[in-house]
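Below, each chain spelled out in residue letters.
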Amino acid sequence: MMNLYNLTYSEILEALNKMDAVYGIVVEKEAFIPEANLILCRFKGERFNLKYDLNYGPDIEAIGNINKSDLEIILQLILQHHHAANNNTIK
């Protein structure tokens, strides 16, 4: 299964922001708590959080009625956008 563990918080946030208009992912706000950074989002109107735990790394959390297949789509889109952005940069 794909995961976000190789991405930094900034890379994940950048990927989410780039997907906003195209895929209907809305980044509502960022929140910072002592053990984690949170990105509060919506996809197809349903809420999800991307939690970047400072000890355990990133994870997507369902909030409300979002389904597992939508969370998997979001995960795949983040990875695709990050990969595409890195392939388009001069090294």
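This text goes with the structure placed above it.
Notes on the structure in this doc start here. Residue positions are counted from 1 within each chain, in the order its sequence is given. The predicted origin of the model limits local features to residues at a pLDDT of at least 70 and limits the giving and counting of side-chain atom pairs to 80 or more, whereas totals for whole chains, interfaces and linings rest on all residues. Where side-chain values are given, they derive from all heavy atoms of the structure, hydrogens and water being excluded.

### Concerning the pattern of salt bridges
Thinking step 1. We define a salt bridge as a contact between a side-chain nitrogen of Lys or Arg and a carboxyl oxygen of Asp or Glu at a distance within 4 Å. A full pass over the atoms with the stated rule returns three salt bridges.
Thinking step 2. Glu14 is the partner of Lys18 in a salt bridge, and the nearest nitrogen-oxygen pair spans 3.0 Å. One end of the pair, Lys18, and the other, Glu14, are both in helix 1 (residues 9-23), four residues apart, so they sit about a helical turn from each other.
Thinking step 3. In this structure, Arg42 engages Glu28 in a salt bridge whose closest nitrogen and oxygen atoms are separated by 2.6 Å. Of this pair, Arg42 sits in strand 2 (residues 36-43) while Glu28 sits in strand 1 (residues 25-33), placing them 14 residues apart in sequence. Helix and strand definitions follow DSSP, with helices as H or I runs of at least four residues and strands as E runs of at least two, each counted in order from the N terminus.

### Comments concerning the packing of aromatic side chains
Centre-to-centre distance and the angle between the planes together describe a pair of aromatic rings.
Thinking step 1. In this analysis, rings of Phe, Tyr and Trp, with Trp reduced to its six-membered ring, are considered paired at centre separations within 6.5 Å, and the interplanar angle assigns stacked below 30 degrees, edge-to-face beyond 60, and tilted for intermediate values. Enumeration according to the criterion identifies two aromatic pairs in this entry.
Thinking step 2. Geometrically, the ring pair formed by Tyr9 and Phe32 is tilted, given 6.3 Å between the ring centres and 55° between the ring planes. Of this pair, Tyr9 sits in helix 1 while Phe32 sits in strand 1, placing them 23 residues apart in sequence.
Thinking step 3. With a centroid separation of 6.1 Å and 85° between ring planes, the pair formed by Tyr9 and Tyr52 is classed as edge-to-face.

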